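Structure assessment
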Amino acid sequence: PEGDPEAGTQVLISTIDYNEYVGRIGIGKVDNGTIKVNQEVVICNHHDPDKQVKVKVSKLYEFDGLGKTEVREAGIGSIVAISGIADIRIGDTLCSPEQVVPIPFQKISEPTIAMQFMVNDSPLAGLEGKYVTSRHIRDRLFRELNTDVSLRVEETDTTECFKVSGRGELHLSVLIENMRREGYEFAVSKAEVLYHTDENGKRTEPMELAYIDVPNEFAGAVIEKLGQRKGELRNMGSISGGTYTRLEFSIPARGLIGYRGEFLTDTKGNGILNTVFDGYAPYKGDIQYRRQGSLIAFEAGEAITYGLFNAQERGTLFISPGEKVYAGMVVGQTGRSEDIEVNVCKRKQLTNTRSSGSDEALRLGPPRILSMEQCLDFIDTDELLEVTPNNLRIRKKILDPTLRKRAALKK
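What comes next is a walk through the structure.

Quick notes on the rules
- Residues numbered from 1 in each chain as written.
- Predicted model: local features only at pLDDT ≥ 70, side-chain atom pairs only at ≥ 80, totals over all residues.
- Heavy atoms only, no water.
- Salt bridge = Lys/Arg side-chain N within 4 Å of Asp/Glu carboxyl O.
- Helix = DSSP H or I, 4+ residues; strand = E, 2+ residues; numbered from the N terminus.
- Buried < 20%, exposed > 50% of the residue type's maximum accessible area, 1.4 Å probe, protein only.
- Contact = heavy atoms within 4.5 Å.
- Arc of directions from axis to C-beta.
- Pairing = 2+ DSSP bridges.
- Axes fitted to C-alpha atoms, helices over the stretch in contact; angles between N-to-C directions.

**Thoughts on the pattern of salt bridges**
Throughout the structure, instances matching the rule amount to 23 salt bridges. For Arg395, the salt bridge goes to Asp121, with nearest N and O atoms at 2.6 Å. Note that Arg395 is positioned in strand S28 (residues 392–396) and Asp121 in the loop between strand S11 (113–118) and helix H1 (134–144), a separation of 274 residues in sequence. The partner of Asp266 in a salt bridge is Lys225, and the shortest N-O contact between them spans 3.0 Å. Here Asp266, found in helix H4 (residues 259–266), pairs with Lys225, found in helix H3 (residues 219–228); they are 41 residues apart in sequence, far enough to count as distant. What makes Lys225 partly exposed here is its relative accessible area of 23%.

**Considering the environment of Asp380**
With respect to the helices and strands, Asp380 occurs in the loop between helix H6 (372–378) and strand S27 (383–387). Considered as a pair, Asp380 and Arg395 are 15 residues apart in the sequence and their alpha carbons are 9.9 Å apart. Setting aside anything within four residues of it in sequence, one finds Asp380 in contact with Lys190 and Arg290.

**A few points about H1**
Within the sequence span of H1, burial applies to Ile137, Arg140, Leu141 and Glu144. In an axial view of H1, the angular spread of the buried residues amounts to 95°, which keeps them on one side of the axis. Each element contacted by the buried residues of H1 is listed here: S11, strand S12 (152–155), strand S13 (161–166), helix H2 (169–181) and strand S14 (186–189).

**Remarks on the sheet that holds strand S21 (residues 294–297)**
Ordered by their spatial adjacency, 4 strands build an open sheet running S23-S25-S21-S26, and the pairing between neighbours is mixed. If you trace the sheet from one side to the other, it starts and ends with strand S23 (315–317) and strand S26 (340–342), each paired once. The sheet shows a mean angle of 35° between the axes of neighbouring strands, taken without regard to direction. Where S23 and strand S25 (residues 330–334) come together, 3 bridges link them in antiparallel fashion. When the bridges of S25 are listed, Thr316 appears paired with Gln333.

What follows is the structure, given as C-alpha cells:
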C-alpha cells in the first residue's frame, strides 16, 4: 500500500456495519499513519467542510476471513472496523487532531424514487406474516437506515404508513424482498419520482442516461417505446461487428418505471440496459404507464376452474384454481384499457338437463406468475402490492367496487 507510516492518521470510512450491542461500525482502510485503541481522532468530511468532531476509538478490529479479530493497533493498508463512534457515516475521514485533512471521495447520490410502505389491511391480512403491525414495520425500516446510506424513511400523517425513498426500483425491491424473507407482511404502493423545484419556481425531475445494446432488428421497437416515455435519443451507433446497435437516451427516471419487463419482451431477452443518474431537468410532461386494465375479483372465496375458465376469455390470468381471493383483488390483466370485474369463484350450476358437450373437461391456460419486480412494474397508481412471506398479491387501494367507482368519477 502507498502511504506514509510516520504521517498523521487518515482513515476513509467506505462502508457501515451495524451491531445491536455496539451500534454503528465504520469500516475503511488506513491510508496514512497508524490507528490505535483509545486514540483521539477528528471526524471530518470532504463534502462538508464544517464537520469536525473529536471522538475516541473505543474498539478496533481487523478482518480474518469472514470474522473480525480485535486488535490494539493497525498500520497503513489495513482494512479496519472501528466501533464506539455513534454518528459515523460513509465518506467520513478519521484524522489526527494535529493534521485534519479529509480524503476526497465520490458523493453519495440522493434518492430519486419513493414508495409508501403500509400495514396490510386486506381481508387476508395477518394470516401468513410473523411481523404485521405498524410498530414492527417502523422498527425494521429505521433499522435499515443504520447500514443503507442512500435510503430515507419518513413518517406520514397516519401511523400506519411510511414514505421510503431510494435510488431506484431495484434498491427498494431488494429491501422489500429482504423484509418478506424475514417474515414481515405489509403493502407497498407504486413507485413515484421525487420532484424538486428550481430557483425560478419550476418543477424539475430526476433524469437518467440510459445506455442500451440491442440486436439491430429490435432497435426500432426500443426507440418507439422510449419515445412514448419521454426519452430523447442522444446517440446511436453500431457495435459487435455490426450485429448490435448501441442507443444512448436521456430519459426521466419515471419513464423507466415498469419498463424493464417490456424491454426484455421487446428484445426477446437479448437487450442490455444500463442507466446512470444524470441530474435534474425541467418536467417533461405526463406519461401513460399502462395501456391495459386489470381483471378484478368480484367476491371473496376460492378460485374455481369454472369461474377461471370464463374469466380467461377476458384476458391473462395471474392465479390458479384453489387460490384464495377477495373482492378488489387483481387476478389478471385485460386486453382492453379499462378494468373488468370477474367472478372467479363461480361454480357450475347442476341441473337435471344434460346437453351434448356439457361434461367436457375445462382447459385453463397456464397463469402468468409475476416476480417481485414484475409486480412492482405492473401495479398502477390506484393499486397496491400486498407482500407476505408466502405470496405476492396485487389489489386495488379501494376494495369496495361502489366506492372505487365514486373515487374514479371524482378524479
